[in-house]
Amino acid sequence: MKEDEKNKVLSFLLDIADTTKVFWWKFFDWLAVISWSYLVFVSLIAMIIGGILGLGALLPLLVFSSIMIKSLAGGKRRAEMAASDAATRADVEALERRVLEAEMATLQAQIEPHFLFNTLALIGQLIETNPEQASTVHTHLIKYLRAALPQIREQGGGKLGQQMELSRAYLNIMQARMQERLSYKIECPRELEHAHFPSMMIQTLVENSIKHGLEPKTDGGHINIVARQGEHEIQVEVSDNGIGFDIHANDGIGLSNIRERLKVLYGMKASLVIETPETGGAKLTLHIPD
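Note that the coordinates shown come from a computational prediction; the quantities given were computed from them, not determined experimentally.

Student: I'm lost on the side chain of T119 in this one. Help?
Tutor: Checked against the element boundaries, T119 lands in helix α3 (residues 58–129). On the accessibility criterion, T119 (2% relative accessible area) is buried. The contact partners of T119, leaving out residues within four places of it in the chain, are V137, L141 and I173.

Student: So what exactly am I meant to see when it comes to the sheet that holds strand β2 (residues 221–229) here?
Tutor: By way of backbone hydrogen bonds, the strands of a sheet pair with one another, either parallel or antiparallel. As summarised here, the arrangement of the five strands in space is β1-β2-β3-β5-β4, forming an open sheet in which the pairing is mixed. Looking at strand neighbours, the two that pair on one side only are β1 (182–187) and β4 (271–275), the edges of this open sheet. The sheet shows a mean angle of 10 degrees between the axes of neighbouring strands, taken without regard to direction.

Student: Honestly, the packing of helix α5 (residues 160–178) against helix α6 (residues 201–214) in this entry has me stumped. Any pointers?
Tutor: Any two packed helices are characterised by the angle at which their axes cross and by the distance between the axes. At a minimum axis distance of 9 Å, the contact between α5 and α6 shows a crossing angle of 25 degrees. What the angle tells us is that α5 and α6 run roughly parallel. Judged by the sense of rotation from one axis to the other, the crossing of α5 with α6 is right-handed. Within the contact between the two elements, α5 uses L160, Q163, M164, L166, S167, Y170, L171, M174 and M178 and α6 uses I202, Q203, V206, E207, I210 and L214.

Student: Which parts of the structure should I look at to understand α5?
Tutor: In an α-helix, one turn spans 3.6 residues, which is why side chains three or four residues apart end up on the same side. In this model α5 runs 26 Å from its N-terminal to its C-terminal C-alpha over 19 residues, within 8% of the 27 Å that 1.5 Å per residue would give. Burial of α5 is extensive: 14 of the 19 residues sit out of reach of the surface. Once α5 finishes, Q179 follows within two positions and takes phi at roughly 55 degrees, a positive value.

Student: Just to check I follow, could you spell out α6 for this structure?
Tutor: End to end, α6 covers 19 Å across 14 residues, agreeing with the expected 20 Å (1.5 Å per residue, within 8%). For α6, a buried count of eleven out of 14 residues is recorded, marking the element as mostly surrounded by other parts of the structure. Considered for burial, the residues of α6 that qualify are M201, I202, Q203, T204, L205, V206, N208, S209, I210, G213 and L214.

Cut-offs used in this document
Residues numbered from 1 in each chain as written. Predicted model: local features only at pLDDT ≥ 70, side-chain atom pairs only at ≥ 80, totals over all residues. Heavy atoms only, no water. Helix = DSSP H or I, 4+ residues; strand = E, 2+ residues; numbered from the N terminus. Buried < 20%, exposed > 50% of the residue type's maximum accessible area, 1.4 Å probe, protein only. Contact = heavy atoms within 4.5 Å. Pairing = 2+ DSSP bridges. Axes fitted to C-alpha atoms, helices over the stretch in contact; angles between N-to-C directions. Parallel < 35°, antiparallel > 145°, perpendicular 65-115°, else oblique. Left-handed = near helix turned anticlockwise from the far one by under 90°. Expected span 1.5 Å × (residues − 1).

Here you go:
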């Protein structure tokens, strides 16, 4: 029985020690972050209350200790807390990036079969009417898949040259569907081909141009893709002479996803700019920090 009582007393003392430790560190952290003016104000109030209650030298000693602790260790503790918060934010942002890229990979995996089946159906039709063109579309489809699959696996990685080749293969396939209603031009300096660039963003803009700009237009139109080196950034412009873009309308799913990915990947350093040229059509420009 005496042994049990000793164990209970020991457990009670350990609980008190743990509680005291928790309160001490909370008090220490509070001292580290509050301003000097606030500490002086709180100290005066505490000393007045201590005088009224007759606590003697206890509160002045506590106030003096608090001032010494803040003077000697407050800066270091504040720096440690700031570093800890920064590390936590970095971990959260990294997790958000991984989640977003995983969602994009899943979405792309859902879109690919739809595009693949449509292209295979087109090849089937062309085999009967134009075998030579069917072979050409088949070649473009292989190029498209070779460019697309590695980017899906890399989930966000990739090179600008890969993005351009993906769009080129896609546009070649769309040309087979739209015939003379679609023409395009791609310009990418050789020195930018190996620059890092988020996957599928250019492709999304190209698909948006065709779906909302050129396909609804009776005589189709032209798509121009231009990559250029800006000041501390890479700019990729996708423009068309289609029916135009309503800048007052809400972004579609594709453009909203691009904005969200840019925010997660680069914060405020990247942007998607949408313009409506006076000559008609639409111009969408990606600004990616290099």
